[in-house]
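Here is what each chain is made of, one letter per residue.
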Amino acid sequence: MANKPQIRTNSSALIAMIADEDTITGFLLAGVGNVDLRRKTNYLIVDSKTTVKQIEDAFKDFTAREDIAIVLISQYVANMIRFLVDSYNKPIPAILEIPSKDHPYDPAHDSVLSRVKYLFSSESVASDRR
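Because the structure is a prediction, the values reported are computed rather than measured.

Student: I tried to follow the side chain of serine 100 on my own but got confused; where do I start?
Tutor: Here serine 100 lies in the loop between strand 4 (94-98) and helix 5 (111-128). Classification of serine 100 as buried rests on a relative accessible area of 12%. Setting aside residues up to four positions removed in sequence, serine 100 forms contacts with Asp20, Thr23, Ser74 and Tyr76.

Student: What should I look at first to understand the sheet that holds strand 2 (residues 43-45) in this one?
Tutor: Read from one edge to the other, the open sheet built from four strands follows the order 2-1-3-4, with strand pairing classed as parallel. In the strand order of this sheet, the two ends are held by strand 2 and strand 4, each with one partner. Each adjacent strand pair in this sheet contributes to an overall mean axis angle of 20 degrees, direction not counted. Pairing of strand 3 (residues 68-74) with strand 4, which is carried by five bridges, proceeds in the parallel orientation. Residue pairing across strands places isoleucine 70 opposite alanine 94, the latter belonging to strand 4.

Student: Would you mind showing me how to read unusual backbone geometry here?
Tutor: Cis geometry marks the peptide bond from isoleucine 92 to proline 93, where omega comes out at 0 degrees. Here proline 93 shows up in the loop between helix 4 (82-87) and strand 4. Although it is not a glycine, arginine 39 sits at a positive phi angle of roughly 65 degrees. For arginine 39, a relative accessible area of 70% corresponds to the exposed category.

Student: What am I meant to see in the side chain of serine 74 here?
Tutor: Structurally, the position occupied by serine 74 is in strand 3. Looking at serine 74, the relative accessible area reads 0%, which means it is buried.

Student: It is not clear to me how the pattern of salt bridges should be interpreted in this structure. Could you clarify?
Tutor: Any two side chains of opposite charge can pair, so long as their charged atoms come close to each other. The final tally for this structure, using the stated rule, is seven salt bridges. Of the charged contacts in the structure, one is a salt bridge between arginine 38 and aspartate 36, with a shortest N-O distance of 3.3 Å. Note on arginine 38: relative accessible area 67%, which makes it exposed. The partly exposed category is assigned to aspartate 36, whose relative accessible area is 22%. The shortest N-O distance in the salt bridge between aspartate 67 and arginine 65 comes to 3.0 Å. Ionic contacts of the salt-bridge type, sharing partners, join the residues Arg82, Asp86 and Glu97 into one network.

Student: Would you mind showing me how to read the packing of aromatic side chains here?
Tutor: Across all of its chains, the model carries one aromatic pair by this definition. The interplanar angle of 80 degrees and the centroid separation of 6.0 Å between the aromatic rings of phenylalanine 59 and tyrosine 88 together place this pair among those described as edge-to-face. Residue phenylalanine 59 is found in helix 2 (residues 52-64), and its partner tyrosine 88 is found in the loop between helix 4 and strand 4; the two are separated by 29 residues along the sequence. For the residue pair phenylalanine 59 and tyrosine 88, the accessibility class agrees, reading buried in each case.

Parameters and conventions
- Residues numbered from 1 in each chain as written.
- Predicted model: local features only at pLDDT ≥ 70, side-chain atom pairs only at ≥ 80, totals over all residues.
- Heavy atoms only, no water.
- Helix = DSSP H or I, 4+ residues; strand = E, 2+ residues; numbered from the N terminus.
- Buried < 20%, exposed > 50% of the residue type's maximum accessible area, 1.4 Å probe, protein only.
- Contact = heavy atoms within 4.5 Å.
- Pairing = 2+ DSSP bridges.
- Axes fitted to C-alpha atoms, helices over the stretch in contact; angles between N-to-C directions.
- Salt bridge = Lys/Arg side-chain N within 4 Å of Asp/Glu carboxyl O.
- Phe/Tyr/Trp six-rings, centres within 6.5 Å; stacked < 30°, edge-to-face > 60°.

Here it is as structure tokens:
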């Protein structure tokens, strides 16, 4: 229990987003957006001009920031950097894959869902042995 990550209790925890313009706009209208004193935002708008390197850098930046509790990433964007998303194993910030307007959600590609299925299947196997 000593190595358990601490969840910030102050009110500064943010939600970061990596998604298409329509999805980001919806979340910004809901009040999720943030720009700090260094003009650093908590979102990346992915369009046809966005490179995979930019997406990777944003993902690494958001997962390293201490003020971010959740990273929402469109599933089609997560598929572009699947190796990073699948290798990420920290509980905070939590990574959640979401659908977008033009790309429907596919549960077969969701890394969180596959981890949950794996945990429940191994637990059920362990409970059967008792």
